[in-house]
Amino acid sequence: MNYFEKLRKKVIQKNAIICIIGLGYVGSGLLKSFHSRGFKTIGIDIDAEKIKRKFIKKNLILTKNYQNINIADIIIIALPTPLTKNLSPDLSFLRKSLKLMSPYLKKGQLISLESSTYPGTTEEIIGSFLKKKHFNLSKDFFLVYSPERISPELKIKKSKKIKYNLNNTPKICAGYSNKCLKLGKEIYNFVTTDVVQAPNLKTAETSKMVENVFRSINIALVNELKMFLNKINIDIDEVLNLAGTKPFGFTKFSPGPGYGGHCIPLDPFYLYWLAKKNKFDLKFVKTSGLINRKITSWISNKIINFIVKNKIKLFKKKVLILGMAYKKDIDDTRESPGLIIANKLKKEGYDFEYSDPHVNKINFNGLIKKSKKLTTSLFSRFQVVIIVTDHSTFNYKLISEKSKYLFDCRNSVNNRKKNYFKL
Ligand SMILES: NC(=O)c1ccc[n+]([C@@H]2O[C@H](COP(=O)([O-])OP(=O)(O)OC[C@H]3O[C@@H](n4cnc5c(N)ncnc54)[C@H](O)[C@@H]3O)[C@@H](O)[C@H]2O)c1
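All of the points below concern the structure found in this document. Because the structure is a prediction, the values reported are computed rather than measured.

It is worth spelling out the side chain of Asp 351 at this point. As for its position among the elements, Asp 351 is in strand E10 (residues 351–355). Residue classification places Asp 351 among the buried residues on the basis of a relative accessible area of 17%. Beyond its immediate sequence surroundings of up to four residues, Asp 351 is in contact with Lys 316, Lys 317, Lys 318, Val 319, Lys 346 and Lys 369.

Approximately 420 Å³ is the volume found for the second largest pocket. Residue lining of the second largest pocket: 17 residues in total, with Asp 235, Lys 417, Tyr 420, Phe 421 and Lys 422 positioned closest to the centre. Sorting the residues of the lining of the second largest pocket by element identifies helix H8 (236–243), helix H10 (283–309) and strand E15 (420–422) as the ones contributing at least two each. Here the lining of the second largest pocket is composed, by residue class, of 6 nonpolar, 4 polar and 7 charged.

Moving on, we come to the environment of Asp 267. Among the structural elements, Asp 267 can be located in helix H9 (residues 267–277). Look at Asp 267 and you get buried, because its relative accessible area is 0%. When the C-alpha atoms of Asp 267 and Glu 211 are compared, they prove to be 9.4 Å apart, with 56 residues separating the residues in sequence. Residues in contact with Asp 267, not counting those within four places in the same chain, are Ser 116, Lys 208, Met 209, Asn 212 and His 262.

This brings us to the packing of helix H7 (residues 201–231) against H8. Running from N to C, H7 and H8 cross one another at 130°; their axes reach a closest spacing of 9 Å. On the basis of their axis angle, the class for H7 and H8 is oblique. For the pair H7 and H8, the contacting residues are Val 222, Leu 225, Lys 226 and Leu 229 in the first and Ile 236, Val 239 and Leu 240 in the second. Of the residues contributing to the contact of H7 with H8, the split by class is 6 nonpolar, no polar and 1 charged.

This paragraph deals with the environment of Glu 114. By the element assignment, Glu 114 lies in the loop between strand E5 (109–113) and helix H5 (121–132). Of the residues examined, Glu 114 reaches a relative accessible area of 2% and is grouped as buried. In this structure, the C-alpha to C-alpha distance between Glu 114 and Thr 251, residues 137 residues apart in sequence, is 28 Å. Dropping the residues within four chain positions of it, Glu 114 is found in contact with Val 26, Leu 30, Ile 76, Ile 77, Tyr 145, Ser 146, Pro 147, Glu 148, Lys 171 and Tyr 188.

Once that is clear, we can look at helix H11 (residues 337–347). It helps to recall that an α-helix has 3.6 residues per turn; residues three or four apart then point in one direction. Residues Pro 337, Gly 338, Leu 339, Ile 341, Ala 342 and Leu 345 constitute the buried set of H11. Residues of H11 that are buried make contact with H10, strand E9 (318–322), E10, strand E11 (361–364) and strand E13 (384–387). Of the residues that open H11, the one with a side-chain oxygen 3.1 Å from the backbone nitrogen of Gly 338 is Ser 336. Positive backbone phi, at 90°, marks Gly 349, one or two positions downstream of H11.

Parameters at a glance
- Every chain's residues receive numbers from 1 upward, in the order its sequence appears when written.
- Restriction of local features to residues with pLDDT of at least 70 applies here, the model being predicted, together with a cutoff of 80 or more for giving and counting side-chain atom pairs; totals for whole chains, interfaces and linings are based on all residues.
- Computation of side-chain values: all heavy atoms of the structure, hydrogens and water removed.
- Numbering of helices and strands runs from the N terminus, with a helix taken as a DSSP run of H or I at least four residues long and a strand as a DSSP run of E at least two residues long.
- Exposure classes here rest on a 1.4 Å probe applied to the protein chains alone. A residue is buried below 20% of its type maximum, exposed above 50%, and partly exposed in between.
- Any pair of residues with heavy atoms lying within 4.5 Å of one another is described as a contacting pair.
- Any residue with an atom within 4 Å of a point lines the site, the site being either a cavity, points on a 1 Å grid over the protein atoms alone where a 1.4 Å probe fits but cannot get out, or a pocket, an open set with protein on both sides within 12 Å along at least 5 of 7 lines.
- Grid points are joined across faces, edges and corners, and a volume is the space filled by probe spheres set on the points.
- Gly counts as polar in this scheme, as do all residues outside two lists: the nonpolar Ala, Val, Leu, Ile, Met, Phe, Trp, Tyr, Cys and Pro, and the charged Asp, Glu, Lys and Arg.
- Lines fitted to C-alpha atoms define the axes here, with helix axes fitted over just the stretch in contact, and angles between the N-to-C directions of these axes take values from 0 to 180 degrees.
- Our angle categories are set so that under 35 degrees counts as roughly parallel, over 145 as roughly antiparallel, 65 to 115 as roughly perpendicular, and the remainder as oblique.
- In protein, a polar contact requires one atom able to donate a hydrogen and another able to accept it; more generally it is a pair of N or O atoms within 3.5 Å, and residues adjacent in sequence count only if both atoms are side-chain atoms.

Shown next, in the form of structure tokens:
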């Protein structure tokens, strides 16, 4: 039997050992899914905390040690793909990880990349690295790209919305060759009901970029309209509610305080960077990223100007921020507008406290701040309250009744007029 057939047999018979590298939001879910389908699994993360927090089970190794890769058959990479300071792709996590796994790679293994990245990465970075190690791709080593699509919507079990997870979201899969693709499909078929075959690696990589660019552009559109319509006293939410009654040809996006997370704020710049490298100016994509950053400053400035203009006396110069997670009902604070607004306020000499049912504490420029419980007495200490994230479990009646000046970035309070400002 050749390497392809051997690996295929191992996968089909669930004898393949699956190793997930990077146990963050994406990697953790993959690890759990493969493990619960009966695969022997290994989870590798350089952060000891991430390992400690995981479940301990039979047939599961959790480790910092890359040496375990030498017993793995399938290596799935779910590492961060951030931006550098000048908004170009930072693939240092991927490069470092390849270096660490290098001594333990062997013939007959498969690597699948799940991280979001610009078209060409899988082949240029991982493919070239494997070739340099004298593997013969698709003969004795296999390479796949399968972008993760999970939505980090957590926890709130009562939600009536369909919950999309790894299992019920179609999963795109591309291979370096047909053999690689075949193996990829066999593997992911165990954890998802619908594996969608991509024609090649680059097309799959681009599709992930486009999914996030689509969101970035539509969010930017309603946020830019919000800034303009605010100026001429037209309520953007009322406009969108009307437009949203059109049953075709219109998809309603809601304006907000900006965006966050590890995907939408970053991916458009990955594609923009690649376009620039190819001497193409992807203006629309870049502009969306810039507008979605601008909206957060616009909101901070509006609030600061209001405080100054109306000579509002703040107790200890503090405002109260409601919601630190970047979106509703999740605990993820990466690139969160709440943190950006807090920073902006700090720069202008103000301070803040926050309340978030899903974020117990934050590290704010080296200072640990804990979430405050929303009580009547809490409101008595703050003149200015800002709703940044519209968590379902916030008590909006209490917020509306007890906030002296209320700034609402999510259109989440609808029965108050006095000293209420939709931003
Ligand atoms: N979070 C999401 O909802 C989401 C959705 C779709 C796609 N993605 C993409 O998936 C990728 C991973 O995202 P994430 O949200 O899981 O990131 P994350 O930051 O939550 O997790 C990454 C993990 O990798 C670990 N790590 C860093 N360097 C390492 C190394 N050398 N070896 C082993 N572990 C290492 C970190 O400690 C961390 O635990 C990104 O490319 C992201 O764009 C994320």
